[in-house]
Amino acid sequence: MIKIKFLGACGTVTGSKYLLSIYDKKYLIDCGLFQGNKETKEKNWQALNFDRDEVKGIILTHAHIDHTGFLPVLYRNRKGYEDSNDEYKVPIYCTSSTKALLHILLPDAGQLQEEEARYAQKAGYTQHETVLPLFTESEAKKVLKYLQAIRFYEYFKLAEGIFFRFHYAGHILGASILEFKIKIRGKKHKYIIFSGDLGRRKNPILKPLDFLENGDFLIVESTYGDRLHPEEPVEKNLSDIINDTFSRKGCVLIPAFAVDRTEVVLYHLSKLIEKNKIPRDIPIFVDSPMAVDALNLYRQFTSEYNQDFALQIKEKNPFRMDNLRPVRTVEESKKLNYIKEPCIIISASGMCNGGRIEHHLKYKMVDERNTILFVGYQAEGTKGRRILDNKGPINIHGIEYPIRAKVAKINSLSSHADYDEILWWLENSKIPEKVYVTHGEDKARQNLVERFKDRFGIKEIMAPEEGQEVILYD
């Protein structure tokens, strides 16, 4: 019997986790952190709804924290003291670039958890007498030794008759579509596909997502399951927003994910500078140690570039612009809040829930000269969503701040496929017998369910509930 239990990302775009049972073997697909409002984040503190000791291996689709950030919680010592034999030692499989990114992202996430706990304790905006982080930087680093890199396209044998391999997803560096190949009887196999997060039809930097020749069962994301990315002139809109802000002597503050979104924004900024559409000498601050480190990895894993970008960087590398200012230290970051000249600040987190971006918002959001520019999805319940919907004031570190800055958004910079691109991907792949729509808000999931039915005539399709278990093959 082959079963799957949906442990997260059902009605939300975070907390991706799936427990895949293949006969007597169990595997965890992704191990993500719940992010967003308080109620959603509280799920990270709840008891596990599966037995971790039954899991024989963990396979990750990509490095984003909503797909990997729960690993330190899963792996940490349950006994509460260092000399316990309770250490969890299950292997974690991922692509080489995902492994490299996790050496940056997981410790950073642990450090952020500790910083937020200390700040909450100091500011006293929590009812808890002692504020504890969900996990620490040290706990995050311990997970890294269990990461095992697997090449794209090569089948890896997990157990007798159970194989998996990675295909390009076109989402971020190292992102994959995961294909399971399971022997059922004789020479016959069943194939299970986990889409992970699907990228756009054309990523300006990375190779496009792969079409799949196999696939009996599909677990597919639906972040933009009810939306289409507009056909907008990205560079014109970006230059208009920047030049309008600079005319007011203001700052353009861009909340951006440290991985991929920062690189895509820099790509377009370099194009504008090259065409003299924005000032050549304008300071561009990348205020995130994680983003700075990720930039270095994008320079390293050139084998994942698409052909056009690989040719372009030989003449002009957007990751090495003369006016690019990497910001690492807290002291350097604080100084940015007092800059009075026009500038561009790209900072994490992308949804404004935690990270240095919150500190910048306290200074920049209240000044009408500035612009807060969103370049990615803002989940329900996040500060970014509230700012985008103009639902101020915004509570940051226990204090309410009004929204006086201009708020703008460029939709087409998203690294997630919209529903038409998801349909296009499946139309060019093998149509599955059963489909399970996850990693989306309920409206987006249901819209994609209906479109799958209409386009492909798939009858066995559903948007599962969190904790629900279904039988794929009996």
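Above this text you will find the structure in question.
Residues numbered from 1 in each chain as written. Predicted model: local features only at pLDDT ≥ 70, side-chain atom pairs only at ≥ 80, totals over all residues. Heavy atoms only, no water.

Some thoughts on the overall build of the protein
Working step 1: If you tally the helices and strands in the protein, you get 14 helices and 22 strands.
Working step 2: Its C-alpha atoms put the protein at 70 × 50 × 40 Å along the principal axes.
Working step 3: Of all 474 residues assigned to the protein, the portion counted as buried reaches 58%.
Working step 4: By sequence separation, contacts in the protein at least 24 residues apart represent 74% of the contacts at least 6 residues apart.
Working step 5: For the protein, the computed accessible surface area is about 20,500 Å², with 46% contributed by carbon and sulfur atoms.
Working step 6: Of the charged side chains in the protein, 70 are positive and 66 negative; the average position of the first set lies 2 Å away from that of the second. (Helix = DSSP H or I, 4+ residues; strand = E, 2+ residues; numbered from the N terminus. Buried < 20%, exposed > 50% of the residue type's maximum accessible area, 1.4 Å probe, protein only. Contact = heavy atoms within 4.5 Å. Areas by Shrake-Rupley, 256 points an atom, 1.4 Å probe, with all protein chains shown as cover. Lys, Arg positive; Asp, Glu negative; His and termini not counted. Charge placed at Lys NZ, Arg CZ, Asp CG, Glu CD.)

Some remarks on helix α6 (residues 234-247)
Working step 1: For α6, spanning 14 residues, the distance from its first C-alpha to its last is 20 Å, which sits close to the expected 20 Å at 1.5 Å a residue.
Working step 2: Inspection of α6 places Val 234, Glu 235, Leu 238, Ser 239, Ile 241, Ile 242, Thr 245 and Phe 246 among the buried residues, and these make up the whole buried set. Axial view of α6: buried residues confined to an arc of 160°, hence all on one face. Counted as exposed and oriented over 90 degrees from the buried face of α6: Lys 236 and Ser 247.
Working step 3: In this structure, the buried side of α6 is in contact with β12 (251-255), α7 (261-274), β15 (343-347), β16 (371-374) and β19 (406-409). (Expected span 1.5 Å × (residues − 1). Arc of directions from axis to C-beta.)

Considerations on the side chain of Thr 40
Working step 1: Along the chain, Thr 40 turns up in helix α1 (residues 38-41).
Working step 2: Within polar-contact distance, the side chain of Thr 40 engages the side chain of Asn 37 at 2.7 Å.
Working step 3: With residues near it in sequence (within four places) discarded, Thr 40 still touches Thr 12, Thr 14, Phe 34 and Gln 35. (Polar contact = N/O pair within 3.5 Å; in protein donor to acceptor, adjacent residues only side chain to side chain.)

Here we look at the pattern of salt bridges
Working step 1: Under the criterion given, the structure shown has 30 salt bridges.
Working step 2: Put simply, Arg 76 and Glu 139 hold a salt bridge, and the shortest N to O gap is 3.5 Å. Taken together, the residues Arg 76 in the loop between α3 (71-75) and β5 (92-94) and Glu 139 in helix α5 (residues 137-143) connect sequence positions 63 residues apart.
Working step 3: Taking relative accessible area as the criterion, Glu 139 reaches 21% and is therefore assigned partly exposed.
Working step 4: Two residues, Glu 235 and Lys 275, come together in a salt bridge whose shortest N-O distance is 3.0 Å. Remark: Lys 275 occurs in the loop between α7 and β13 (284-287) and Glu 235 occurs in helix α6; sequence separation between them is 40 residues.
Working step 5: With a relative accessible area of 48%, Lys 275 lands in the partly exposed category.
Working step 6: Salt bridges linked by common partners bring Glu 380, Arg 385, Asp 389 and Glu 441 together as one network. (Salt bridge = Lys/Arg side-chain N within 4 Å of Asp/Glu carboxyl O.)

Considering α7
Working step 1: The end-to-end C-alpha separation of α7 is 20 Å, in line with the 20 Å expected for 14 residues at 1.5 Å each.
Working step 2: Just downstream of α7, Asn 276 is the residue with a positive phi angle, here 60°.

Concerning the sheet that holds β15
Working step 1: Read from one edge of the open sheet, 6 strands run β14-β13-β15-β12-β16-β19, paired in parallel fashion. Single-partner strands in this sheet number two, and they are β14 (324-327) and β19. Going across the sheet, the axis of each strand differs from the next one's by a mean of 20°, ignoring polarity.
Working step 2: Inspection of the sheet shows β13 paired to β15 by 4 bridges, in the parallel sense. Paired with Ile 284 across the two strands is Ile 344, which belongs to β15. (Pairing = 2+ DSSP bridges. Axes fitted to C-alpha atoms, helices over the stretch in contact; angles between N-to-C directions.)

Overview of the packing of α7 against helix α8 (residues 289-300)
Working step 1: The N-to-C vectors of α7 and α8 enclose an angle of 75°; their axes lie 9 Å apart at closest approach. Taken together, α7 and α8 sit at an angle that is classed as roughly perpendicular. Here Thr 262, Glu 263 and Leu 266 of α7 come into contact with α8, specifically with Ala 291, Ala 294, Leu 295 and Tyr 298.
Working step 2: A per-class count over the contact of α7 with α8 returns 5 nonpolar, 1 polar and 1 charged. (Parallel < 35°, antiparallel > 145°, perpendicular 65-115°, else oblique. Nonpolar A, V, L, I, M, F, W, Y, C, P; charged D, E, K, R; others polar.)

Observations regarding the pairing of strand β20 (residues 434-438)
Working step 1: Most of β20 is tucked away: 5 of the 5 residues are buried.
Working step 2: The side-chain alternation of β20 yields two buried faces, one formed by Lys 434, Tyr 436 and Thr 438 and the other by Val 435 and Val 437.
Working step 3: Here strand β11 (residues 217-221) pairs with β20 via 5 bridges, running parallel. Opposite Leu 218, over in β20, you have Val 435 as the bridge partner.
Working step 4: The pairing of β20 with strand β21 (residues 460-462) spans 3 bridges and is classified as parallel. Paired with Tyr 436 across the strands is Met 462, a residue of β21.

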